[in-house]
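Structural overview
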Amino acid sequence: MDELAKVLEVNEKEDYLPFIDTLESFEEVVETCFGYSYNENFEEKIEIFEKKWMHLKQNFNIAIPNKCHIIFTHVKEFIFVKKMPLGYLSEQLQDKKFR
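Right, let's walk through the structure included here.

Conventions we followed
- Residues numbered from 1 in each chain as written.
- Predicted model: local features only at pLDDT ≥ 70, side-chain atom pairs only at ≥ 80, totals over all residues.
- Heavy atoms only, no water.
- Helix = DSSP H or I, 4+ residues; strand = E, 2+ residues; numbered from the N terminus.
- Contact = heavy atoms within 4.5 Å.
- Areas by Shrake-Rupley, 256 points an atom, 1.4 Å probe, with all protein chains shown as cover.
- Phe/Tyr/Trp six-rings, centres within 6.5 Å; stacked < 30°, edge-to-face > 60°.
- Buried < 20%, exposed > 50% of the residue type's maximum accessible area, 1.4 Å probe, protein only.
- Patch = residues over 30% accessible without salt bridge, like charges linked within 9 Å, V, L, I, M, F, W, Y side chains within 5 Å.
- Salt bridge = Lys/Arg side-chain N within 4 Å of Asp/Glu carboxyl O.
- Axes fitted to C-alpha atoms, helices over the stretch in contact; angles between N-to-C directions.
- Parallel < 35°, antiparallel > 145°, perpendicular 65-115°, else oblique.
- Left-handed = near helix turned anticlockwise from the far one by under 90°.
- Nonpolar A, V, L, I, M, F, W, Y, C, P; charged D, E, K, R; others polar.

**Regarding the overall build of the protein chain**
Counting its secondary structure elements, the protein chain contains 5 helices and 0 strands. In sequence order, the secondary structure elements of the protein chain are arranged as α-α-α-α-α. Summarising the internal contacts of the protein chain: among those between residues at least 6 apart in sequence, 54% fall at separations of at least 24. Accessible area of the protein chain: about 7,400 Å², with a carbon and sulfur share of 52%.

**Describing the packing of aromatic side chains**
The tally for this structure, following the rule as stated, stands at 6 aromatic pairs. Each ring, one from Y36 and one from Y88, has its centre 5.1 Å from the other, and the planes form 80°; the classification is edge-to-face. Taken together, the residues span a long stretch of sequence, with Y36 in the loop between α2 (17-33) and α3 (42-60) and Y88 in the loop between α4 (66-82) and α5 (91-97) at a distance of 52 residues. Classification of Y88 by relative accessible area gives partly exposed; the value is 41%.

**So, a nonpolar patch on the surface**
On the surface, a nonpolar cluster with roughly 330 Å² of combined accessible area is contributed by Y36, Y88 and L89. By the element assignment, L89 lies in the loop between α4 and α5.

**Some remarks on the environment of C33**
Along the polypeptide, C33 turns up in helix α2. Considered as a pair, C33 and K45 are 12 residues apart in the sequence and their alpha carbons are 8.9 Å apart. The contacts of C33, once residues within four sequence positions are left out, are F42, I46, V75, I79, P85, L86 and G87.

**A look at the packing of α2 against α3**
Put simply, α2 and α3 touch, their axes get as near as 9 Å, and they point 155° apart. Between α2 and α3, the interaxial angle falls into the category roughly antiparallel. Between α2 and α3 lies a crossing of left-handed hand. Of α3, the residues touching α2 (which contributes P18, F19, D21, T22, S25, F26, E28, V29, T32 and C33) are F42, K45, I46, I48, F49, K52, W53, H55, L56 and F60. When its residues are assigned to classes, the contact of α2 with α3 shows 12 nonpolar, 4 polar and 4 charged.

**What about the pattern of salt bridges?**
Going through the model one piece at a time under the given rule, you end up with 3 salt bridges. With its nearest N and O atoms 3.1 Å apart, the salt bridge here joins K45 to E28. With K45 in helix α3 and E28 in helix α2, this pair connects stretches of sequence that are 17 residues apart. Given the relative accessible area of 33%, E28 is considered partly exposed. Residue E47 pairs with K76 through a salt bridge whose shortest N-O separation is 3.6 Å.

See below:
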């Protein structure tokens, strides 16, 4: 991400910066929601990511994929109710058990 941002900044392509900003926001969602430790800021991180994605939708006509809808709505609900991140439910974790 940092390298992509540097390339775009050097080439003065400000039009791409909202995309980088959105991806960086998604990185924070991944760290907050898909790890193994509960983080009380998960809702805020998801809401920021959603707001940035909506900016892309409105200004660049970028669709909202189902996976984003799941993060915006269902991931938030799950973590709120269960008080645990999704890292414990990862398929990769299950795969390691059977190797």
